[in-house]
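Tertiary structure, described
What follows is each chain in one-letter form.
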Amino acid sequence: MSNSFMKKLYNTNASQNADRGSAASSEENLSVDGLIGLGGHSARKSYYPALQQKVVELEAERNRYKWLFENAFHGIFQADTRGWIQSANAAMARICATETSASLEGGVYFAALLQGGEEEFQQIRNRLLSEGQLFLYETRIKRLDGSQIDVSMNLLLRPHEEGEIIEGFVADITRRMEMQNRVLADNEALEQRVQARTAELTDLNTRLIAEMAEREEAQREMARARDAAESANLSKDKYLAAASHDLLQPLNAARLLVSALRERELPSYEGDLVDRVHLALSGAEHLLSDLLDISKLDQNAVQPDIQAFSVQHLLFNLEAEFQPIAQEAGVSLKFRAPDLAVQSDMRLLSRVLRNLIGNAIRYTDSGGVLVALRKRANTLRIEVWDTGQGIPEDKRQDIFKEFQQLGRRPGRSGGVGLGLAIVDRIARVLDLSIQLVSVEGRGSRFSFSVPLSDQAIPLRSFDTPLRRESGLEGVEVLVIDNEPEVLVSMKALLDGWGCEVVTAASAEQAIAENRLAPELILADYHLDDDATGTEAVAALRDYFKQAIPAAILTADRSSEVRKQLRELELPLLNKPIKPSKLRALIQHLSGQHQVA
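Reading the values: rules and limits
- Residues numbered from 1 in each chain as written.
- Predicted model: local features only at pLDDT ≥ 70, side-chain atom pairs only at ≥ 80, totals over all residues.
- Heavy atoms only, no water.
- 1 Å grid on protein atoms, 1.4 Å probe; cavity = no way out; pocket = protein on both sides within 12 Å on 5 of 7 lines; lining within 4 Å.
- Points joined across faces, edges and corners; volume = space filled by probe spheres on them.
- Helix = DSSP H or I, 4+ residues; strand = E, 2+ residues; numbered from the N terminus.
- Nonpolar A, V, L, I, M, F, W, Y, C, P; charged D, E, K, R; others polar.
- pLDDT = per-residue confidence, 0-100.
- Contact = heavy atoms within 4.5 Å.
- Axes fitted to C-alpha atoms, helices over the stretch in contact; angles between N-to-C directions.
- Parallel < 35°, antiparallel > 145°, perpendicular 65-115°, else oblique.
- Left-handed = near helix turned anticlockwise from the far one by under 90°.
- Pairing = 2+ DSSP bridges.
- Salt bridge = Lys/Arg side-chain N within 4 Å of Asp/Glu carboxyl O.
- Buried < 20%, exposed > 50% of the residue type's maximum accessible area, 1.4 Å probe, protein only.
- Core = buried A, V, L, I, M, F, W, Y, C linked by side-chain atoms within 4.5 Å.

1. A short note on the layout of surface pockets
- For the second largest pocket, the calculated volume is near 370 Å³.
- Forming the walls of the second largest pocket are Met179, Arg182, Val183, Asp186, Asn187, Glu211, Glu214, Arg215, Ala218, Gln219, Glu221 and Met222.
- Residue assignment for the lining of the second largest pocket shows that the elements contributing at least two residues are α8 (174-196) and α9 (201-262).
- Among the elements that take part in the lining of the second largest pocket, α9 stands out by supplying 7 residues, more than any other.
- In terms of residue class, the lining of the second largest pocket is built from 4 nonpolar, 2 polar and 6 charged.

2. A word on the confidence of the model for the protein
- In the predicted model, the protein carries a mean pLDDT of 79, and 78% of its residues have values of at least 70.
- Scored below 50 in pLDDT, residues 1-32 shows 27 contacts in the model against residues more than four places distant or in partner chains.
- Here residues 459-470 is modelled with pLDDT under 50, and outside its nearest four sequence neighbours on either side it reaches 32 contacts, counting other chains as well.

3. As for the packing of helix α12 (residues 346-362) against helix α13 (residues 419-430)
- At a minimum axis distance of 9 Å, the contact between α12 and α13 shows a crossing angle of 150°. On the basis of the axis angle, α12 is roughly antiparallel to α13. Two packed elements cross with a definite hand, and for α12 against α13 that hand is left-handed. For the pair formed by α12 and α13, the contact residues are Leu348, Leu349, Arg351, Val352, Asn355, Leu356 and Asn359 on the first element and Gly419, Leu420, Ile422, Val423, Ile426, Val429 and Leu430 on the second.
- For the contact of α12 with α13, the residue count by class is 10 nonpolar, 3 polar and 1 charged.

4. Some words on empty space enclosed by the protein
- Considering all chains together, one arrives at 2 cavities of 30 Å³ or more under this definition.
- Space inside the largest cavity adds up to approximately 50 Å³.
- Taken together, Lys54, Glu57, Leu58, Glu61, Pro250, Leu251, Ala254 and Leu281 make up the full set of residues lining the largest cavity.
- Breaking the lining of the largest cavity down by element, the ones donating at least two residues are α4 (41-70) and α9.
- The element best represented in the lining of the largest cavity is α4, accounting for 4 residues.
- Each residue belonging to the lining of the largest cavity can be placed in one class, and the counts come to 5 nonpolar, no polar and 3 charged.
- Its volume calculated, the second largest cavity comes out at about 40 Å³.
- Every residue lining the second largest cavity is listed: Asn252, Val479, Ile480, Asp481, Val486, Met490, Ala523, Asp524, Leu553, Lys575 and Ile577.

5. Quick word on the pairing of strand β8 (residues 341-344)
- Relative to β8, strand β6 (residues 307-310) is paired through 4 bridges, and the arrangement is antiparallel. Bridge assignment links alanine 308 to a residue of β8, and that residue is glutamine 343.
- As paired elements, β8 and strand β12 (residues 443-453) share 2 bridges and run antiparallel to each other. Considered in β12, the bridge of valine 342 is made with leucine 452.

6. Comments concerning the pattern of salt bridges
- Applying the stated rule across the entire model yields 15 salt bridges.
- The partner of arginine 428 in a salt bridge is aspartate 424, and the shortest N-O contact between them spans 2.6 Å. Linking arginine 428 with aspartate 424, this pair stays in helix α13, spanning 4 residues, or about one helical turn.
- According to the relative accessible area criterion, aspartate 424 is partly exposed, its value standing at 24%.
- Between aspartate 495 and lysine 491 there is a salt bridge, with its nearest N and O atoms 3.3 Å apart. Residue aspartate 495 and its partner lysine 491 are located together in helix α14 (residues 484-496), separated by 4 residues, close to a single helical turn.
- Accessibility expressed as a relative area gives 33% for lysine 491, which makes it partly exposed.
- Each of Glu217, Arg220, Glu221 and Arg224 takes part in a single network of salt bridges with overlapping partners.

7. Considering the nonpolar core
- Counting residues in hydrophobic clusters, the biggest one holds 40 residues, and the most contacted among them are Ile357, Ile361 and Phe448.
- Per-element accounting of this core gives the leading share, 9 residues, to α12.
- Once residues lying within four places of it in the same chain are set aside, the contact partners of isoleucine 357 are Leu318, Phe322, Leu333, Phe335, Val371 and Val384.
- Counting 27 residues, the second-largest nonpolar core is a separate cluster that includes Ala492, Leu520, Leu522 and Ile586.

Structure, rendered in structure tokens:
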């Protein structure tokens, strides 16, 4: 996010506010209250604290993304379609041999950096206008100090408030090209020496020995480079895992706060603003989750945890998650499943179905979506049907590639085209064969088969009868989290559902401030001082001498945490938390408390 971009956004808003009001009120319209539509005294009194906190959180999130942009290893820049660079990061400045990115922004013509000049830029521009993207494009760049280097670029054509922009990711491949040229030169020289001096066997042998030594050294260099690359990939995975946790925590708090606001009676304008924030946060959540999953799958960091489980249990949770989404989209969602058990990884299989169901709802304007399961010999065939627009035959392979979409649906969140790419990768991990049948204008069917299990699996998790048919009024919930903003957002959401909520940062604080045992506990996994939510639950159960129903809410998606929680029989919800799944979980846990 460059300073120039923020100035443009500020000036645009200021201009719009000036048109609506007189010059005397322009300073008020340019305040935070005016920009978010709460200029009146009564509105500020009612909503200012919560929205001010929200602004602070969003600013912090913006600063996180700005830090990632400025400290990226590869060069990143944005240019308008005419070729003028609008923003760039420090790595791009180093590639162009200038001290700061400000030297590039607004005053450097992209075509002037290309070895092919204007002609090469027009070829790139035409490719982007026709295809929208250009990956692994290799060329030479003329640096500002007069030197030239070899680079590889990934270019995308992205929408912007002032029109389309070109976004580029640039890597310096000069050393790689030099090594390739050196190897080619060595090979050519070797061939010439063999042809010219076949008769000189003694001298040839001497030269061959020297060449073999050089090749061995080159192989050692390549082995060292490979080890360094593998080490860098490992460091990247660790960094990505840590960054994902840090990003998902504030995103979870923001989603819960917005969900709490959406369930309240708000004026139409403020309600529309809240809905827009909800859509923006939802898009960020899906994009971040998809990128994390793609990265782990591409690094072969996902190992399946094969076990037997009930398909009804799996579909019950999916139905609770997607029924509200289907109702909002105006399509029906039905499930037909026998009471059978399968042998697979429940989390990965759930992700496959979640992506297929989400796509089916997104691309269905009328009619419905059906999830049908049929027994076939020793396998269970799972099918997802929709009555949507269908998929053209020439696109049926492309939809499983990254960043491929058939087109956005009006009023629907379309993501970035990673859903089916994730399905394809998970299918390879689980050894599934995804089959597609589609008729344009009538709909599509995705299907695959999983092995059946002969074990008798009892229904668990959300499948017990609910305690309260009408809602969650009066349910006593203890929320434990070391993030204050998460505690505030959880309390706001649960209060809106009628729960009696108590919050604490640790088990010790909860014990000190509560004399009576809660009906259920919702705890984050990672707490302060290396404590965990599982330890907090155990301490509270021991203190109150009761098997209090509990669940763990965490942004940690590691297999170790999932395995531990499964062994402790503690339900798990990954952050950012979807309110519909949280409500279903609380209903289930409160039902367990009543049975106990």
